[in-house]
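Commentary on secondary and tertiary structure
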Amino acid sequence: MSTEQPKRAVVTGVGVIAPNGLSADTYWKSVQEGIGVLDRITREGCEHLPLKVAGEVRSFDASTLIEDRFLVQTDRFSHYAMAAASLALDDAGLGRDAPEDPFSVGVVTAAGSGGGEFGQRELQKLWGQGSKFVGPYQSIAWFYAASTGQISIRSGFKGPCGVVASDEAGGLDALAHAARAVRRGTGAVVVGAAEAPLAPYSMVCQLGYPELSTVEEPDRAYRPFTAGASGFVPAEGGAVLVVEDEDRARDRGTAVRAVVAGHGATFTGASRWAESREGLARAIRVALDEAGCAPEEIDVVFADALGVPEADRAETLALADALGAHAARVPVTAPKTGIGRAYCGAPVLDVAAAVLAMEHGLVPPTPNVFDVCHDIDLVVSRARPADLRTALVLSRGLMGSNAALVVRRGDETAR
């Protein structure tokens with residue numbers, strides 16, 4: 001019988017393009033200080049819509065980061081993804097040079113809305129000027145898989161590639177796909193999600209979500225786990241990680257920043273928030289089992305934090321169901337209240353924050369939230385120092401997906 005230990009999937013690179021920072025370092029500085037950047041939406045054509053507040057990525061100049069030939073083919077959501085991928089690859093020490101074995105590196109992204117801004121622009125040309133004025137890239141730029149394709153083409157990666165076309169929880173599911181590919185023998189996977197939902201067509205589509213907050217005061221629009229919870233506000237941006245075989249990473253002399261230890265996923269139906277209690281609890285248990293992790297080992301929880309009273313209550317109860325008495329003691333945080341929910345990008349940003357939190361020994365606060373009305377130890381006001389070895393990241397989608405991911409600190413050995 002073979003005694004060979006299974007491969008471990010580890011995080012070696014983190015890249016972030018978010019409303020509060022255009023790198024992992026600037027993102028973390030804002031997150032650890034609890035800075036909220038939600039503000040009035042300024043995108044052209046959105047002024048008359050009832051959605052007034054969101055997390056915009058400002059001061060992002062795609063032309064300084066991405067070659068022109070890719071810019072003309074792609075939507076803003078792919079610009080964010082490609083920029084974040086470059087940052088993650090640089091962080092992992094892989095850079096932009098073509099890999100020695102292009103089949104050893106894959107790409108997996110998640111997308112909830114695709115390239116709505118690009119698609120709207122081309123369709124307006126179709127109806128206003130005629131079919132001859134529609135560019136050839138309309139056929140690919142809006143597509144959910146566009147970011148995966150462009151990252152792999154740009155960097156010459158020919159390993160296993162894919163896309164999770166899902167709602168919010170798809171960000172965690174993509175990480176699970178990447179980790180499984182690594183355990184099966186792929187050297188590394190560039191994985192993550194970035195969204196760009198702040199364009200007129202995309203925003204009109206979102207107005208159909210009853211969970212969307214239309215509160216006009218930025219510091220009151222997104223306040224989960226409080227009596228004043230009125231829904232969530234959207235955000236753009238996201239994060240990309242390099243997930244790699246641990247032995248390969250150590251052979252390269254690259255620091256192991258975290259271990260992707262366990263994942264669980266379930267489905268309970270669109271907007272059935274009371275039922276998400278059972279589904280989320282099940283996902284947590286599956287993730288813990290895969291990680292070989294006892295509930296008491298969870299040192300911090302990054303909550304889904306939808307901001308809908310029924311959903312917030314279901315999440316609190318799911319934690320109690322899955323973690324038992326430990327649920328009332330473990331620190332819980334939701335940094336996304338300061339930047340908004342970037343759909344599939346939101347939980348990947350939380351994973352990036354979890355990696356950084358474990359490295360710095362700090363639980364970041366939950367911006368704009370003070371009067372917590374649920375039985376959880378939600379960290380508010382300021383960061384809390386803590387010895388963080390294991391983090392639990394949660395996500396639920398508006399269409400009914402639930403996911404949980406267990407991440408261990410990079411210097412933690414397998415248990």
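Structural data are supplied above this passage.
These remarks concern the structure in this document. Being a predicted model, the structure only gives us computed values, none of them experimental.

1. A few points about the overall build of the chain
Check the secondary structure of the chain and you find 12 helices and 15 strands. Considering only C-alpha atoms, the chain reaches an extent of 65 × 55 × 35 Å along its principal axes. The proportion of buried residues among the 415 residues of the chain is 60%. For the chain, the share of sequence-separated contacts (at least 6 apart) that also reach a separation of at least 24 residues comes to 79%. Within the structure as shown, the chain displays about 16,000 Å² of accessible surface, and the carbon and sulfur contribution to it stands at 52%.

2. With respect to the sheet that holds strand β7 (residues 237-245)
Taken together, 11 strands build an open sheet; the order of strands is β5-β4-β6-β7-β1-β8-β15-β14-β9-β10-β12 and the sheet is mixed. Each edge of the open sheet carries a strand with a single partner, namely β5 (161-165) and β12 (377-378). In terms of strand pairing, strand β1 (residues 9-17) meets strand β8 (residues 258-267) through two bridges, oriented antiparallel. Pairing of Val10 across the sheet is with Val259, part of β8.

3. Observations regarding the packing of aromatic side chains
Both the distance between ring centres and the angle between the ring planes are used here to describe each pair of aromatic rings. What the rule picks out here adds up to four aromatic pairs. Taking the centre distance of 5.5 Å and the plane angle of 65° together, the rings of Trp142 and Phe143 count as edge-to-face. With a centroid separation of 6.3 Å and 75° between ring planes, the pair formed by Trp142 and Tyr144 is classed as edge-to-face. A relative accessible area of 37% means that Trp142 is categorised as partly exposed. Here a set of aromatic residues connected by ring pairs shows up, and it is made of Trp142, Phe143 and Tyr144. The ring centre of Phe232 lies 5.7 Å from the NZ or CZ of Arg341, which sits over that ring.

4. Regarding empty space enclosed by the protein
Per the counting criterion, the structure on display carries three cavities of 30 Å³ or more. Size it by volume and the largest cavity reaches roughly 80 Å³. Together, 14 residues line the largest cavity, and Tyr27, Val31, Pro335, Lys336 and Ile339 are the ones closest to its centre. Of all the elements in the fold, those that place two or more residues in the lining of the largest cavity are α1 (24-32) and α12 (345-360). With three residues, the single largest contributor to the lining of the largest cavity is α12.

5. Some words on the pattern of salt bridges
Evaluation of the coordinates by the stated rule reveals 23 salt bridges. Here Arg8 and Glu246 are joined by a salt bridge, their closest N and O atoms 2.9 Å apart. Separated by 238 residues along the polypeptide, Arg8 in the segment before β1 and Glu246 in helix α9 (residues 246-251) bring together distant segments of the chain. Like Glu246, Arg8 is buried.

6. A closer look at the environment of Thr316
With respect to the secondary-structure elements, Thr316 resides in helix α11 (residues 309-323). You can call Thr316 buried: its relative accessible area is 8%. In this structure, the C-alpha to C-alpha distance between Thr316 and Arg277, residues 39 residues apart in sequence, is 8.1 Å. Residues contacting Thr316, with those up to four places away along its chain left out, are Phe225, His374, Asp375 and Ile376.

7. A closer look at α1
Listing the buried residues of α1 in full gives Ala24, Tyr27, Trp28, Ser30 and Val31. Angularly, the buried residues of α1 cover 165° about the axis, an arc narrow enough to put them on a single face. Of the residues one or two after α1, Gly34 is the one with positive phi, at around 70°.

8. Some details on the nonpolar core
A general tendency of soluble globular proteins is for nonpolar side chains to be buried together. One finds Val16, Tyr27, Leu175, Val191, Val243, Leu349 and Val351 to be the most contacted residues of the largest nonpolar core, which totals 53 residues. Looking at which element gives the most residues to this core, the answer is α12, with 10 residues. Ignoring sequence-local partners within four residues, the contact set of Val191 consists of Val108, Ala174, Leu175, Ala178, Ala239, Val240, Leu241 and Val243. If you look at the next biggest cluster of nonpolar residues, it comprises 49 residues, including Val233, Ala287, Ala291 and Ile376.

9. Digging into the side chain of Thr254
Summarising the element assignment, Thr254 is placed in the loop between α9 and β8. The class of Thr254 is buried, set by a relative accessible area of 13%. Polar side-chain contacts of Thr254 include one of 3.1 Å to the side chain of Arg252.

10. Focus on a nonpolar patch on the surface
Together, Trp142, Phe143, Tyr144 and Val163 give the surface a local cluster of nonpolar side chains, amounting to about 340 Å² of exposed area. Secondary-structure assignment places Trp142 in the loop between α5 (138-141) and α6 (146-155).

11. Structural notes on the packing of helix α10 (residues 273-291) against α11
Where α10 contacts α11, the axes come no closer than 8 Å and their chain directions differ by 35°. In this structure, α10 crosses over α11, and the sense of that crossing is right-handed. Contacts from Trp273, Ala274, Ser276, Arg277, Leu280, Ala281, Ile284, Arg285 and Leu288 of α10 reach α11 at Glu310, Ala311, Ala314, Glu315, Leu317, Ala318, Leu319, Asp321, Ala322 and Leu323. Split by residue class, the contact of α10 with α11 holds 13 nonpolar, one polar and five charged.

What counts, and where the lines are drawn
Residues numbered from 1 in each chain as written. Predicted model: local features only at pLDDT ≥ 70, side-chain atom pairs only at ≥ 80, totals over all residues. Heavy atoms only, no water. Helix = DSSP H or I, 4+ residues; strand = E, 2+ residues; numbered from the N terminus. Buried < 20%, exposed > 50% of the residue type's maximum accessible area, 1.4 Å probe, protein only. Contact = heavy atoms within 4.5 Å. Areas by Shrake-Rupley, 256 points an atom, 1.4 Å probe, with all protein chains shown as cover. Pairing = 2+ DSSP bridges. Phe/Tyr/Trp six-rings, centres within 6.5 Å; stacked < 30°, edge-to-face > 60°. Lys NZ or Arg CZ within 6 Å of the ring centre and 35° of its normal. 1 Å grid on protein atoms, 1.4 Å probe; cavity = no way out; pocket = protein on both sides within 12 Å on 5 of 7 lines; lining within 4 Å. Points joined across faces, edges and corners; volume = space filled by probe spheres on them. Salt bridge = Lys/Arg side-chain N within 4 Å of Asp/Glu carboxyl O. Arc of directions from axis to C-beta. Core = buried A, V, L, I, M, F, W, Y, C linked by side-chain atoms within 4.5 Å. Polar contact = N/O pair within 3.5 Å; in protein donor to acceptor, adjacent residues only side chain to side chain. Patch = residues over 30% accessible without salt bridge, like charges linked within 9 Å, V, L, I, M, F, W, Y side chains within 5 Å. Axes fitted to C-alpha atoms, helices over the stretch in contact; angles between N-to-C directions. Left-handed = near helix turned anticlockwise from the far one by under 90°. Nonpolar A, V, L, I, M, F, W, Y, C, P; charged D, E, K, R; others polar.

Distances and angles like these do not, on their own, reveal function.
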